[in-house]
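# Breakdown of the fold
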Amino acid sequence: MVKRLAAVTILCLLIASSLATLQGPRTVFASKLPLPERSGDISFSDPEVAISIIEQVAEKSGSVSYKATKTVILWHPSGTSACISNIIHKAPNFTKTEYLPSSASACGFRTVISDGKSTWHYEPSLQVVFHMPETSSLPGNDKSEGSQKTRDMLLIKANYKISLVSTENLVGRQAYVIGLEPRYPGNPSRRIWVDKEYPFILKTEQYRPDGTMSSVSFYNQIEFFPELSDDLFRLDIPPNVAKVELPVSGDLMPLDRLEREADFPIPVPGFIPTGYVIEGGILSLYKTFPAAHIRLTDGLNTISYFVSPGIIRDTGVQDNILSMSDISGANIVKWSGKGYDFTLVSEVDQLLLEKMARSVSVAHAPGKPPQKPFSQYLSRFFYQLFLIDR
Amino acid sequence: MIRNMTCEKVRSLLSAYIDSELDYQELRQVELHLLDCTYCQEECRSLRATKDLLGMLESPQLPREFWPELKERINSHSVSEFYRRLLVRVLVPACALLALAILPIALSSNTGASKGLTEAKTDLVEPYIREYVISELDRPFSDKTSLGFVATAQAVTMYSSDLLEPYGHPTPHKGVTPSGQTGRKTQIDAFKRVMFLSPK
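Reading guide: rules and limits
- Note that residues are indexed from 1 along each chain, following the sequence as it is written.
- Labels follow written order: the first chain is A, the first ligand is 1, and so on.
- In view of the model being predicted, local features appear only for residues whose pLDDT reaches at least 70, and side-chain atom pairs are presented and counted only at 80 or more, with totals across whole chains, interfaces and linings using the full set of residues.
- To obtain the side-chain values, all non-hydrogen atoms of the structure were used and water was disregarded.
- Per the convention used, a helix needs a DSSP run of H or I reaching at least four residues, while a strand needs a run of E reaching at least two, with both numbered from the N terminus.
- The rule is simple: take the accessible area with a 1.4 Å probe, protein chains only, and divide by the maximum for that residue type; under 20% is buried, over 50% is exposed, in between is partly exposed.
- Only the protein chains shown count as cover for residues, with accessible areas throughout obtained via the Shrake-Rupley method and a probe of 1.4 Å.
- Inter-axis angles, ranging from 0 to 180 degrees, are taken between N-to-C directions of lines fitted to C-alpha atoms, where helices are fitted over the stretch in contact.
- With the far helix as reference, a near helix turned anticlockwise by less than a right angle produces a left-handed crossing, and one turned clockwise produces a right-handed crossing.
- Should any heavy atoms of two residues lie within 4.5 Å, those residues are considered in contact.
- Here the nonpolar group is Ala, Val, Leu, Ile, Met, Phe, Trp, Tyr, Cys and Pro; Asp, Glu, Lys and Arg are the charged ones; every other residue, Gly included, is treated as polar.
- What is meant by a nonpolar core is a set of buried Ala, Val, Leu, Ile, Met, Phe, Trp, Tyr and Cys residues, joined one to another through side-chain atoms within 4.5 Å.
- Between any two strands, pairing holds if DSSP finds at least two bridges.
- Throughout, the term roughly parallel applies to angles under 35 degrees, roughly antiparallel to angles over 145, roughly perpendicular to angles from 65 to 115, and oblique to all others.
- Under this definition, polar contacts are N or O atom pairs within 3.5 Å; protein pairs additionally need one hydrogen-donor-capable and one acceptor-capable atom, and for neighbouring residues in sequence, both atoms have to be side-chain atoms.
- pLDDT expresses, on a scale from 0 to 100, how confident the predictor is about each individual residue.
- Each salt bridge in this description consists of a side-chain nitrogen of Lys or Arg and a carboxyl oxygen of Asp or Glu lying within 4 Å of one another.

### Considerations on the overall build of chain B
- Broken down by element type, chain B carries eight helices and zero strands.
- Mapped from its N terminus to its C terminus, chain B presents α and β elements in the order α-α-α-α-α-α-α-α.
- Evaluated residue by residue, chain B yields a buried proportion of 33% over its 200 residues.
- Only carbon and sulfur atoms are counted for the fraction: they give 60% of the accessible area of chain B, which is about 13300 Å².

### Brief notes about the packing of helix α1 (residues 7-18) of chain B against helix α2 (residues 24-36) of chain B
All names here are of chain B.
- Two numbers describe how α1 lies on α2: the axes approach to 10 Å, and their chain directions differ by 120 degrees. Both α1 and α2 take part in a crossing whose hand is left-handed. Each of Cys 7, Val 10, Leu 13, Leu 14 and Tyr 17 in α1 lies in contact with α2, whose residues at this interface are Glu 26, Leu 27, Val 30, Glu 31, His 33 and Leu 34.
- Within the contact of α1 with α2, the residues separate by chemical class into eight nonpolar, one polar and two charged.

### Overview of the nonpolar core
Residues and elements named next belong to chain A.
- Grouped together as the largest cluster of nonpolar side chains are 26 residues, with contacts concentrated most on Ile 266, Ile 303, Tyr 305, Trp 335, Phe 342 and Leu 344.
- Only α5 (255-262), β14 (292-297), β15 (302-309), β17 (331-337), β18 (340-346) and α6 (350-358) provide two or more residues apiece to this core.
- The greatest single-element share of this core, amounting to four residues, is contributed by α6.
- Aside from chain neighbours lying at most four places away, what touches Phe 342 is Pro 267, Tyr 305, Phe 306, Val 307, Val 333, Lys 334, Trp 335, Ser 336, Gly 337, Val 360 and Val 362.
- If you look at the next biggest cluster of nonpolar residues, it comprises 20 residues, including Ala 50, Ile 156, Val 194 and Ile 201.

### Side note on the sheet that holds strand β7 (residues 160-170) of chain A
All names here are of chain A.
- Read across the open sheet, the twelve strands follow the order β7-β8-β9-β10-β11-β1-β2-β3-β4-β5-β6-β12; overall the sheet is mixed. A single partner strand is all that each edge strand has here, and the edge strands are β7 and β12 (242-245). Neighbour to neighbour, the strand axes of the sheet diverge by 15 degrees on average, direction disregarded.
- Pairing geometry for strand β10 (residues 201-207) and strand β11 (residues 213-224), over five bridges, is antiparallel. Looking at β11, one finds that Thr 204 is bridged to Ser 217.
- Set on the sheet, helix α3 (residues 47-60) makes contact with β7, β8 (173-182), β9 (189-195) and β10; between it and β7 the angle comes to about 75 degrees.

### Quick look at the packing of α6 of chain A against α2 of chain B
- Between α6 of chain A and α2 of chain B, the shortest axis-to-axis distance is 11 Å and the interhelical angle comes to 60 degrees. Regarding the angle of α6 of chain A to α2 of chain B, the classification is oblique. For the pair α6 of chain A and α2 of chain B, the sense of crossing is right-handed. Residues Leu 351, Leu 352 and Lys 355 of chain A of α6 of chain A pack against Arg 28, Gln 29, Leu 32 and Asp 36 of chain B of α2 of chain B.
- Here the contact of α6 of chain A with α2 of chain B is built from residues that sort into three nonpolar, one polar and three charged.

### Some remarks on the side chain of Ser 65 of chain A
Residues and elements named next belong to chain A.
- For Ser 65, the position within the fold is in the loop between α3 and β1 (66-76).
- Separated by 2.9 Å, the side chain of Ser 65 and the backbone nitrogen of Ala 91 make a polar contact.
- In this structure, Ser 65 is in contact with His 89, Lys 90, Ala 91, Glu 223, Phe 224, Phe 225 and Pro 226, ignoring residues within four places of it in sequence.

### Brief notes about the confidence of the model for chain B
Residues and elements named next belong to chain B.
- On average, chain B scores 64 in pLDDT, and the residues at 70 or more come to 58%.
- Ranking the elements of chain B by mean pLDDT puts helix α6 (residues 112-122) last, at 35, and α1 first, at 85.
- Here residues 106-122 scores under 50 on pLDDT; set against residues more than four positions off or in separate chains, the count is 17 contacts.
- With a pTM of 0.63, the predicted complex shows an ipTM of 0.77.

### Observations regarding the side chain of Asp 349 of chain A
- Secondary-structure assignment places Asp 349 of chain A in the loop between β18 and α6.
- Classification of Asp 349 of chain A by relative accessible area gives buried; the value is 9%.
- The residues touching Asp 349 of chain A, leaving out its near neighbours within four places in the chain, are Gly 186, Pro 209 and Asn 331 of chain A together with Arg 28 of chain B.

### Quick notes on the pattern of salt bridges
- If you walk through the whole model with that rule in mind, you get 16 salt bridges over all chains.
- Measuring nitrogen to oxygen at the nearest pair gives 2.7 Å for the salt bridge that ties Asp 143 of chain B to Lys 70 of chain A. Taken as a pair, Asp 143 of chain B in the loop between α7 (126-137) and α8 (144-160) and Lys 70 of chain A in strand β1 lie in two separate chains rather than in one.
- The exposure class assigned to Lys 70 of chain A is buried, which follows from its relative accessible area of 4%.
- Of the charged contacts in the structure, one is a salt bridge between Asp 195 of chain A and Arg 173 of chain A, with a shortest N-O distance of 2.4 Å.

Structure, rendered in structure tokens:
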């Protein structure tokens, strides 16, 4: 009897431990979070709690497999775009998103599949498949991914006030509500709902610098760690569909190397908004449409600065700056001068972008040797005079 | 066209700023400038202090004969003075405004360059937005579903609008699809490469 009891106990322990192993990823977030389970004990005033939560989200969100339905709403000056999508994600790399047709999105059914190496975008209404290799599969990118995340987190901590606002119920789950308020004016703010059990963002609200909401995305329904076979991530393309290769951005490189590879001088803005750093530049791959793309970031947001030899050369003067906005919510500032076309794209305040635009001084037109300043000629003249005299 | 908000411009608006007389756009620009210009901040403080000081002073009493004398002086202006002022203050500015209004119309209708410049500035934003969105995907808390929605929409726009055709790119054939939906001819060979953009 005692032996039987011992055997049953051992068996139960074995089953329990194997279940715990199988459910490993599920308990990772909860066990590592410094937050106690009872919401009454949560220290809302301690920023370290909120920072710890978002650090784990940044590090581990890709490791959570799920099957969900998600809604995205974007508000922009020309109206509102909205779409509902079915998403399945099998950690770490497989993701399939089906954007469902709706009158609000003005688009038909659309499927996007990513396997970590390539992204396939099937557009049935056009009978076209767009294919794009992912940047992480390019040589040399793997080693920099981790350091980029670390740097982004350091920047976010420096440039944003991160706070645990509250806890809420969302799609039948408990979530921490985290606020990311910019320390410097002119930047968008964000509010994210992080699942209490897994390091996963259930809802995101983004606000423009003036405080109006620019986008919201949330899950209508979500199931964590479902059974997902690899076949679900295979794109069955009907015959007679055209394949379109889209260009992919290369590695980020330092500006001096970018200038060498671009083969034209790249004027850099004299003014950079507070909190932003230049993370590097890439060369646009539109060959007959060459552009150097310099990326600036404050950890959370990006400012993309494009310099391209102009279509109309030698206009001589700095032309008027044209500002507009896009359905993505991004502000776009375009101008041209001295043989260059310039474009700034970002969600930061238009006035900051315009200030950046005004701070770009073009020394000389692309393709021309730099003009030596008059002082250099003068000093050379006196130098030679001095030598002759001596 | 943007307003060039230099220190000089901000200082000219400071009085109206303190009196809350600026419109919303000007108010934002002045406040943004004041955030990082200590010189103008000091100017603003000084002006505010002066205004506060002036506000504390009592208004002086005008002498009883002030208003009748002023009225008499206004009426005593000669007719020639009236015409001279009309010329300087009305006719000359009117002519200048007329010339300014006609000049751009004349230029735009005569020079192809100015027309091209306008086109160059308003076109070709899709590749930039797409590259920006791809950059945003790298950020730790970016919402990949909404960015993917925008990026795929941009890809469709670029493909549909024959964006790069004027710049020498081969584009897919146009025609009528079997379904008649898109106005674009389907490629007969499945997965035939349509390189309308040049990959690395």
